[in-house]
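# Structure assessment
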Amino acid sequence: MTKNGKWVLRHRPQAALVETDLDWVQEALPELRDGELLVRNIYLSLDPTNRIWMSDREQYLPPVQIGDTMRGTTIGVVEQSRSDRFAPGDIVMPAMGGWQDYTVSPERMTRKLNVAPGIPLTAYLSVLGPTGLTAYFGLLDIGQPKEGETLVLSAAAGAVGSIAGQIGKIKGCHVVGIAGGAAKCDWLTEELGFDGAVDYKAQEVGAALDRLCPTGIDIDFENVGGAIMEAVFSRLNRNGRMILCGLISAYNDEGPVPGPADFGRILMQRLTVRGFIVIDYLARAGEAFADLGRWIAEGRIKWKDHVVPGLEKAPDSLQLLFTGQHDGKLLIRVSDEP
Ligand SMILES: NC(=O)c1ccc[n+]([C@@H]2O[C@H](COP(=O)([O-])OP(=O)(O)OC[C@H]3O[C@@H](n4cnc5c(N)ncnc54)[C@H](OP(=O)(O)O)[C@@H]3O)[C@@H](O)[C@H]2O)c1
């Protein structure tokens, strides 16, 4: 009998996730009921927000409960179907596949993917998936970029940052990325067309921004928080916008996350600081995918997927997001593509 292997939350991590925070459990697969599908997961998306879901801090979805399968977004193939709308062999995205080999997915919560020729399946969890939506709506809807404005992104060589920066270039912005290490910075300027890059591990960020953004900063696409956010925030021009996408530097800590030291700048410089969560934009996903698909076809958007083989590697691999030792959208290969 086929068993389902899965990661279950044993207790809430105290700091960075360690493997003993989760249990590896194997269980028999349940019988399908009418309207359900058995999906064999192929790729699992690892995201910084996974660490938030493991905590019981205030968040935008209910925390994963102790003893529950770890939540995560997957792409898989239908192996059994008790739905008229799906057939074995269909490639699908269950609503939340989870950190597991198989997902029993209700048909109404399952999206069929039409994989375009020449596009790898992994792209549907990155540039043509939640990552692309985050970059697209964060920059365009919240940031409202205008031609000639200066856009600075933190975690710029990461999954979201690298796409958002390229959209900024398409919209005519002067784009500067902040990333860890010379190789990532070179990729931004030499391959993706960014106008400048700051290696925050080797350079003083504020001084580098002064050099690379001579007219100040109009838009901060904020992914990191802390000292990096402070350096960008304190250089925002009048009517500047902070797109508050993420605060990854604080995800392993407990307690409130500090904001910019000089709150008064928001008043004096008429700044807009606006947080957003990509799930609020799912109804408009088609808009984003149409533009992103066209830009990919035109060679104006490039991306990288970093695939780690083996679901057993998921807990260890999540750490790569916090050390930056991954290169592009971080994914786990749970099983082979059909
Ligand atoms: N609001 C939303 O709906 C939404 C949706 C998706 C993602 N996000 C947020 O977007 C951000 C990026 O997510 P992603 O999935 O694209 O991951 P990612 O950028 O591919 O990976 C995270 C990156 O963060 C950087 N980083 C980690 N800890 C850091 C620290 N202490 N100081 C400076 N940089 C640090 C690392 O970049 P370096 O190698 O350059 O150090 C790492 O590569 C996260 O904050 C995430 O929570 C938000």
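See the structure above.
Residues numbered from 1 in each chain as written. Predicted model: local features only at pLDDT ≥ 70, side-chain atom pairs only at ≥ 80, totals over all residues. Heavy atoms only, no water.

What follows deals with empty space enclosed by the protein. Unfilled space is identified by rolling a water-sized probe across the atoms. With the rule as written, the count across this model stands at 1 cavity of 30 Å³ or more. The space that makes up the largest cavity amounts to roughly 60 Å³. What lines the largest cavity is a set of 14 residues, and nearest its centre among them are Ala159, Ser162, Trp303, Lys304 and Lys329. Examining the composition of the lining of the largest cavity, we find that 3 residues originate from one element, helix H3 (residues 159–170), more than from any other. Here the residues of the lining of the largest cavity are counted per class, giving 6 nonpolar, 5 polar and 3 charged. Two domains each provide a minimum of three residues to the lining of the largest cavity, namely domain 1 (3–126 + 304–333) and domain 2 (130–280). (1 Å grid on protein atoms, 1.4 Å probe; cavity = no way out; pocket = protein on both sides within 12 Å on 5 of 7 lines; lining within 4 Å. Points joined across faces, edges and corners; volume = space filled by probe spheres on them. Helix = DSSP H or I, 4+ residues; strand = E, 2+ residues; numbered from the N terminus. Nonpolar A, V, L, I, M, F, W, Y, C, P; charged D, E, K, R; others polar. Domains from an automatic or database assignment.)

It is worth spelling out the environment of Thr49 at this point. Here Thr49 shows up in helix H1 (residues 48–53). A relative accessible area of 16% means that Thr49 is categorised as buried. In this structure, the C-alpha to C-alpha distance between Thr49 and Gly72, residues 23 residues apart in sequence, is 9.5 Å. (Buried < 20%, exposed > 50% of the residue type's maximum accessible area, 1.4 Å probe, protein only.)

Gly180, Lys184, Tyr200, Tyr251 and Val278 are the nearest of the 26 residues found near the ligand. Within the side chain of Tyr200, an N or O atom sits 2.5 Å from an oxygen atom of the ligand. Within the backbone of Phe276, a nitrogen or oxygen atom sits 2.9 Å from a nitrogen atom of the ligand. Relative to its unbound accessible area of 900 Å², the ligand is 89% covered by the protein chains. Within the residue set of the shell around the ligand, elements represented by two or more residues are H3 and helix H10 (320–323). In terms of residue class, the shell around the ligand is built from 17 nonpolar, 8 polar and 1 charged. Mapping the shell around the ligand onto the domain boundaries places at least three of its residues in each of domain 1 (3–126 + 304–333) and domain 2 (130–280). (Near = heavy atom within 4 Å. Polar contact = N/O pair within 3.5 Å; in protein donor to acceptor, adjacent residues only side chain to side chain. Areas by Shrake-Rupley, 256 points an atom, 1.4 Å probe, with all protein chains shown as cover.)

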